[in-house]
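What follows is each chain in one-letter form.
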Amino acid sequence: MTTQTDLYDVLGVSRDASADELKRAYRKLAMEYHPDRNKSDDAEARFKQINAAYDVLSDPEKRSKYDRFGMGGVNGGAQGFSGFDSFGGFGDIFDAFFRGTATRRAGPQRGSDLAAQLVITFEEAVFGTEKEITYERTEACPDCRATGQANAQPRGKCPDCDGNGELRRVQQSLFGQFVNVATCPRCRGEGTVVTDACKTCRGRGNRRAEVVRSVKIPGGVDSGAQVRLSGEGDAGQRGGPAGHLYVELSVRPHEQFKRVETDLVYDLPLNIAQAALGATVEVPTLDGEEIELELKPGTQHGEVHVVRGKGVPHLRGAGRGDLLVRTHVVTPTKLSDEQKELIQQLAASLGVPEIPEDGRQGGGSIFDRIRDAFA
Ligand SMILES: [Zn+2]
Ligand SMILES: [Zn+2]
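First things first, this report covers the structure right here in the doc. (Residues numbered from 1 in each chain as written. Chains lettered and ligands numbered in written order. Predicted model: local features only at pLDDT ≥ 70, side-chain atom pairs only at ≥ 80, totals over all residues.)

A few words on the overall build of the chain. Broken down by element type, the chain carries ten helices and 15 strands. The proportion of buried residues among the 375 residues of the chain is 21%. Taking the contacts inside the chain whose residues are at least 6 apart along the sequence as the reference set, 64% of them involve residues at least 24 apart. (Helix = DSSP H or I, 4+ residues; strand = E, 2+ residues; numbered from the N terminus. Buried ≥ 20, exposed ≤ 12 C-beta atoms within 10 Å, placed from the backbone. Contact = placed C-beta atoms within 7 Å.)

Okay, structure coming up:
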């Protein structure tokens, strides 16, 4: 490794490169020449060079000295970048790029979120309801107040880390000596351990408990919707807040109604006489009432009649969708001799029919929406 190498050349950037350009160039090269990834003979040397160059150029003060005085200015007259003592910021850079964030002493930790499933009826989803849900979660042990110590006495000092919560180890590496700081595995960074275990939780500080909570479900929800019960998940640790409970709803299908977003669809069966002559029919609604529907003579199979405001309530805001009544003309399959004779007479007088233009299915968005629901 030569001491004359220009640091800007090492990173492949111009002398007026911005901090961002430097960082990008460094990152790309460091990845490329990292000795763990690159097995070529000079990878190690290049990697050192790249890091040394970035160490200088990423520090505005060192960079300006380097610009004016060269490497001598940076190292106070020492020989180039052979000494690792100039790598003050190197550990940080290394950590940030290759190890993620450094370990930290354990602080308060939020409890886990929990998920639960709740099956509700079609009507409950449409009109809203309140349900009880039973589930298991982790709660702080009441007998030791989450300390794990009998009678909630203070915990003892961890002997492995002497109460520091972390273990420091001096390590030799390619880049020289550095101090490796790791979370103490025995106390998991807390610095304290259980010395006289609470009998209720056997020193764990928490316990599993079955709880019953009430879930308020607003009208208009559908399968897959989630209701959040804040703070009803697992208990936090070391004073951290509890997690949440997410209740996922699953809606049972209805025998008579189907749902298309905020509209309800009802299939109305008609016999051929009703369809031909017209009829006044009673149509049920999900609200439990009967609505009278006037069908004109010559009603076709698959016609849709809209009953305003008898659909699903809008989840956000006021109002409801519509009830879409779709006619379903049922061709008889079992006829008495008398009926057969009547229809034969009718057949002779009707002749071969033509399909009416407006009787075809498939036109208009309302048909598409309904078809989607039955697909
Ligand atoms: Zn306990
Ligand atoms: Zn420890």
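Note on sheets: strands pair through backbone hydrogen bonds, and any given pair is parallel or antiparallel. Pairing is mixed across the open sheet formed by three strands, whose spatial order is E1-E9-E8. Bordering the open sheet on either side are strand E1 (114-120) and strand E8 (226-229), each of which pairs with just one other strand. Strand-to-strand, the axes of this sheet are offset by a mean angle of 25°, without reference to chain direction. Bridging between E1 and strand E9 (residues 245-251) involves seven bridges; their strand directions are parallel. For Leu 118, the partnering residue across the bridge sits in E9 and is Leu 249. (Pairing = 2+ DSSP bridges. Axes fitted to C-alpha atoms, helices over the stretch in contact; angles between N-to-C directions.)

With that settled, consider the environment of Leu 22. In this fold, Leu 22 is placed in helix H2 (residues 19-33). In this structure, the C-alpha to C-alpha distance between Leu 22 and Ala 53, residues 31 residues apart in sequence, is 9.9 Å. Excluding its chain neighbours within four sequence positions, the residues that come into contact with Leu 22 are Leu 11, Val 13, Ala 17, Tyr 54, Leu 57 and Ser 58.

With 15 residues, helix H3 (residues 43-57) ought to run about 21 Å at 1.5 Å a step, and its terminal C-alpha atoms sit 21 Å apart, in line with that. Here H3 has its buried residues at Arg 46, Phe 47, Lys 48, Gln 49, Ile 50, Asn 51, Ala 52, Ala 53, Tyr 54, Asp 55, Val 56 and Leu 57. (Expected span 1.5 Å × (residues − 1).)

What follows is about unusual backbone geometry. Phi is positive for Arg 188, which is not a glycine, with a value near 50°. With respect to the helices and strands, Arg 188 occurs in the loop between strand E5 (176-183) and strand E6 (192-193).

Here the focus is the pairing of strand E15 (residues 323-330). Where strand E11 (residues 263-271) meets E15, eight bridges bridge the pair, whose relative direction is parallel. By the bridge assignment for E15, Asn 271 is matched with Val 330. Here four bridges tie strand E14 (residues 304-307) to E15, and the two strands are oriented antiparallel to one another. The residue of E15 that forms the bridge with His 305 is Val 325.

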